[in-house]
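Reading the structure
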Amino acid sequence: MKMTVAASHLDKEVSETTKFGSLSAACTNLCLFAAKNEQSYMIALDEIQRLTLHFEQMVADDESAKRAKNCVLQAGMKLKDPVTVNSKCCSKTIKHDEAKNCKCSKCFQPGHTKRTCPLYLPKDM
């Protein structure tokens with residue numbers, strides 16, 4: 001089964017959010033214990049700064065690799081647009097002339113939908 005770019009982006013975003021939550025919980029525990037005395041506080045702060053710099057470099061390297069890969073991809077391949085799915089019946093994007101081909105799902109008459117059906121409109125109070 002092929003995944004679209006949007007679906008893979010969503011999966012990546014969900015994965016990143018899950019990892020972020022897990023790391024946040026672990027960091028909370030780290031902070032609670034590190035704050036107990038001055039020595040543990042200083043060690044934790046130094047390590048957090050060291051890890052932050054290390055991960056920033058990893059992300060920068062990964063992004064430059066992706067840019068290089070995209071250049072190769074653009075030069076060697078043509079990406080196609082994803083398959084579009086038509087909406088059911090009348091939509092806001094359908095031109096007025098085309099709306100006449102739509103049929104109401106309540107009275108089965110053309111030109112309107114069940115939300116605008118003249119036979120089933122709410123009575124005035």
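Keep in mind the model is a prediction, meaning the values are calculated, not measured. (Residues numbered from 1 in each chain as written. Predicted model: local features only at pLDDT ≥ 70, side-chain atom pairs only at ≥ 80, totals over all residues. Heavy atoms only, no water.)

**Describing the overall build of the chain**
Looking only at helices and strands, the chain features three helices and zero strands. Its helices and strands taken in sequence order, the chain reads α-α-α from the N to the C terminus. The contacts in the chain between residues at least 6 apart in sequence include a share of 6% that link residues at least 24 apart. As displayed, the chain offers around 12000 Å² of accessible surface, 61% of which is attributable to carbon and sulfur atoms. (Helix = DSSP H or I, 4+ residues; strand = E, 2+ residues; numbered from the N terminus. Contact = heavy atoms within 4.5 Å. Areas by Shrake-Rupley, 256 points an atom, 1.4 Å probe, with all protein chains shown as cover.)

**Considering a nonpolar patch on the surface**
Taken together, the side chains of Y41, M42 and L45 define a hydrophobic patch exposed on the protein surface, amounting to about 250 Å² of accessible area. Assignment of secondary structure puts Y41 in helix 2 (residues 38-76). (Patch = residues over 30% accessible without salt bridge, like charges linked within 9 Å, V, L, I, M, F, W, Y side chains within 5 Å. Salt bridge = Lys/Arg side-chain N within 4 Å of Asp/Glu carboxyl O.)

**Brief notes about the confidence of the model for the chain**
Detailed conclusions should not be drawn from predicted coordinates in areas where pLDDT is low. Scored by pLDDT, the chain has a mean of 77; 68% of the residues are at 70 or more. Summarising per-element confidence for the chain, the mean pLDDT is lowest in helix 3 (residues 96-99) (54) and highest in helix 1 (residues 5-34) (85). (pLDDT = per-residue confidence, 0-100.)

**Some details on the pattern of salt bridges**
Counted according to the given criterion, the structure contains two salt bridges. Among the ionic pairs, K12 bridges to E16, the shortest N-O distance being 4.0 Å. Of this pair, K12 and E16 both sit in helix 1, four residues apart, roughly one helical turn. The exposure class assigned to E16 is partly exposed, which follows from its relative accessible area of 45%. Where E47 meets R50, a salt bridge forms, and the shortest distance between an N and an O atom there is 2.8 Å. Highlighted residues: E47 and R50, both in helix 2, separated by three residues, approximately one helical turn. Judged by its relative accessible area of 35%, E47 is partly exposed. (Buried < 20%, exposed > 50% of the residue type's maximum accessible area, 1.4 Å probe, protein only.)

**Description of unusual backbone geometry**
Here the phi dihedral of F108 falls at roughly 60°; this positive angle occurs in a residue that is not glycine. Tracing the chain through its elements places F108 in the segment after helix 3. A relative accessible area of 58% means that F108 is categorised as exposed.

**As for the side chain of H112**
Secondary-structure assignment places H112 in the segment after helix 3. The exposure class of H112 is buried, given its relative accessible area of 14%. With residues up to four places along the chain from it excluded, the contact list for H112 reads C102, K103, C104, C107, C117 and P118.

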